Amino acid sequence: MAYHEAVYDEPLIFEYRSGTTYKLPGVEGKQKIDLPENLLRKELNLPEVSEYDVVRHYTRLSQMNYSVDLGIYPLGSCTMKFNPKYADAIASFRQFSEMHPLQLQSETQGELKILYELQEYLKAISDMDAVTLQPLAGAQGEYTGILITRKYFEVKGELGTRTDVLIPDSAHGTNPASAAMGGFNVIEIPSSENGTVNLDALKAALSEHTAAFMITNPNTLGIFEDHIEEIAKMVHDAGALLYYDGANFNGILGVTSPGIMGFDIVHFNLHKTFATPHGSGGPGAGPVGVKSHLKDFLPVPVIGKDGDRCFLDYSAKHTIGKVSSYTGSFMVLLRAWAYITYHGSDGLRRNTVNAVLNTNYIRKRLEGRFSIPYKTLKKHEVVISTENTGIRALDAAKYLIDQGVHAPTIYFPLIVHEAMMIEPTETVSKQDLDRFVDALIESSKLSPEEVKKHPMNLPVSRPDEVKAARDMKVRWDGSTHGN
Ligand SMILES: Cc1ncc(COP(=O)(O)O)c(C=O)c1O
């Protein structure tokens, strides 16, 4: 069965002219507000819609979307798992949704306790010594880690010489971007034949100029860097810090940790691993954990505890300052707390094991049909290449959408040609895994011309993605600026 999005010929809300507009009770004709002449507009092209027009319009639009609530969403590097509804339900409790961050700490003890517990959970999960909940995304967590690195070397008097951040060629684009924004030179480290960091190249690049090595493990090929302890030693021997991009935590949660592997700094993507859906750019939370030697550099406030009382702790001696308002994205943090509390350590570990099992089930079923670079067991995701089938990854992805499954990430990581990066997660049944694999295999049996005809059954088929990115028209009328 294909669960793809509905196709409606739905007009823009501004194009509705039903004549029945919604009237605010008691307002009409009774109030006149004197506004300065220069702020008055003669023409206000407001939609003319009734309440039911509005509800039906947006319900139809929602049905024209694919979402993780509709079916499998195997977007590699994004961990689009089904997010349990109890976490949403908890986040909508009035006791949370009606709080204000500027309320007195004596009135927000419950919220502060939750944040404190989440810090403790994340410390235990990562084996780090201190955590800030402030960063609002993985990329902002990286940037926070980079600012901590800067300040650390500044205090040590080494900032002038520690100018480089080393990053593997399989890394997510935000890693070099964060390092460059933090004022460091980025040096790319090539991967070896088996998809892990090339240790000789790393050794050659490490020097007294190295500030940090940023790496994710499992890496973006879904491969566990089994030399990680050796890497940690090499990096520390060079006097540099080891940074863990925690976006791929779904592959190790409850099984091992960045602290055990020897990392100094880690960010978490709570909106990937811990129960907040993060499609379309947010909302997110990217807490950062550090080992004790970096604790004093964390953004303030962190949540402290004195006996039974929780409080906002501004005492970090070399703090980099604030990276977001208040204590971060409370509703995302709350969902993560609920998720971790609900699963407990055994449950989190079980989720990881199932995510890894699902990935390798897909890998095994696709072997022989698609080329799968780096023939090892994969963790949370598997990268295949469509090159050997004669069809392009983009075309296979478009075909999949027509079959009612969301397409995986394509053309990433950059080191694999015609890459499809598949991350099923633990929340997919065997039936859905099979449906996904069957559809992908079907795509590879079509001729390049046939597969290019897809998608045929969607409201939007093949938009010009370059034009959409470069020539953005974000207003309903297609203009680029407002009045
Ligand atoms: C490996 C990796 N690192 C970092 C990030 C950045 O995370 P965010 O999208 O939350 O900024 C991502 C996002 O997909 C990622 O996959």
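All values reported here derive from a predicted model rather than from experimental measurement.

1. Remarks on the pattern of salt bridges
Here is step 1 of the chain: Enumeration over the complete set of coordinates arrives at 23 salt bridges.
Here is step 2 of the chain: Its salt-bridge partner being Glu-426, residue Lys-81 comes within 2.8 Å of it at the nearest N-O pair. Here Lys-81 is found in the loop between α1 (51–63) and α2 (85–91), whereas its partner Glu-426 is found in the loop between β12 (419–422) and α13 (430–445), with 345 residues between them in sequence.
Here is step 3 of the chain: Classification of Lys-81 by relative accessible area gives buried; the value is 2%.
Here is step 4 of the chain: The closest approach of N and O atoms between Arg-365 and Asp-434, which form a salt bridge, is 2.9 Å. Linking Arg-365 in helix α11 (residues 330–366) with Asp-434 in helix α13, this pair joins segments that are 69 residues apart in sequence.
Here is step 5 of the chain: For Asp-434, a relative accessible area of 15% puts it in the buried group.
Here is step 6 of the chain: Among the charged side chains, a network of salt bridges with common partners joins Asp-69, Lys-85, Asp-88 and Arg-335.

2. Description of the packing of α11 against α13
Here is step 1 of the chain: At their nearest, the axes of α11 and α13 sit 10 Å apart, and the two run at 30° to each other. Remark: the crossing between α11 and α13 carries right-handed chirality. Only Lys-430, Leu-433, Asp-434, Phe-436, Val-437, Asp-438, Leu-440 and Ile-441 of α13 make contact with α11, whose side of the interface consists of Asn-358, Tyr-361, Ile-362, Arg-365 and Leu-366.
Here is step 2 of the chain: Of the residues belonging to the contact of α11 with α13, the class tally is eight nonpolar, one polar and four charged.

3. Some remarks on the domain arrangement of the chain
Here is step 1 of the chain: For the chain, the assigned domains are domain 1 (13–63), domain 2 (87–343) and domain 3 (352–469).
Here is step 2 of the chain: Once you take the C-alpha centre of each, domain 2 and domain 3 turn out to be 30 Å apart.
Here is step 3 of the chain: Contacts between the two partners involve 23 residues from domain 2 and, on the opposite side, 20 residues from domain 3.
Here is step 4 of the chain: Interface of domain 2 and domain 3: buried area, both sides summed, is about 1,500 Å²; carbon and sulfur atoms make up 62% of it.
Here is step 5 of the chain: Considering only the side of domain 2, the residues that lose the most area to domain 3 are Thr-220, Leu-221 and Asn-250, jointly responsible for 37% of the buried surface there.
Here is step 6 of the chain: Between the two partners, domain 2 and domain 3, sit zero salt bridges.
Here is step 7 of the chain: There are four residue pairs in polar contact (both at pLDDT 80 or more) connecting domain 2 and domain 3.
Here is step 8 of the chain: For the side of domain 2 that touches domain 3, the class distribution of residues is nine nonpolar, 12 polar and two charged.

The rules behind these values
Residues numbered from 1 in each chain as written. Predicted model: local features only at pLDDT ≥ 70, side-chain atom pairs only at ≥ 80, totals over all residues. Heavy atoms only, no water. Salt bridge = Lys/Arg side-chain N within 4 Å of Asp/Glu carboxyl O. Helix = DSSP H or I, 4+ residues; strand = E, 2+ residues; numbered from the N terminus. Buried < 20%, exposed > 50% of the residue type's maximum accessible area, 1.4 Å probe, protein only. Axes fitted to C-alpha atoms, helices over the stretch in contact; angles between N-to-C directions. Left-handed = near helix turned anticlockwise from the far one by under 90°. Contact = heavy atoms within 4.5 Å. Nonpolar A, V, L, I, M, F, W, Y, C, P; charged D, E, K, R; others polar. Domains from an automatic or database assignment. Buried area = accessible area lost by both parts, 1.4 Å probe. Polar contact = N/O pair within 3.5 Å; in protein donor to acceptor, adjacent residues only side chain to side chain.

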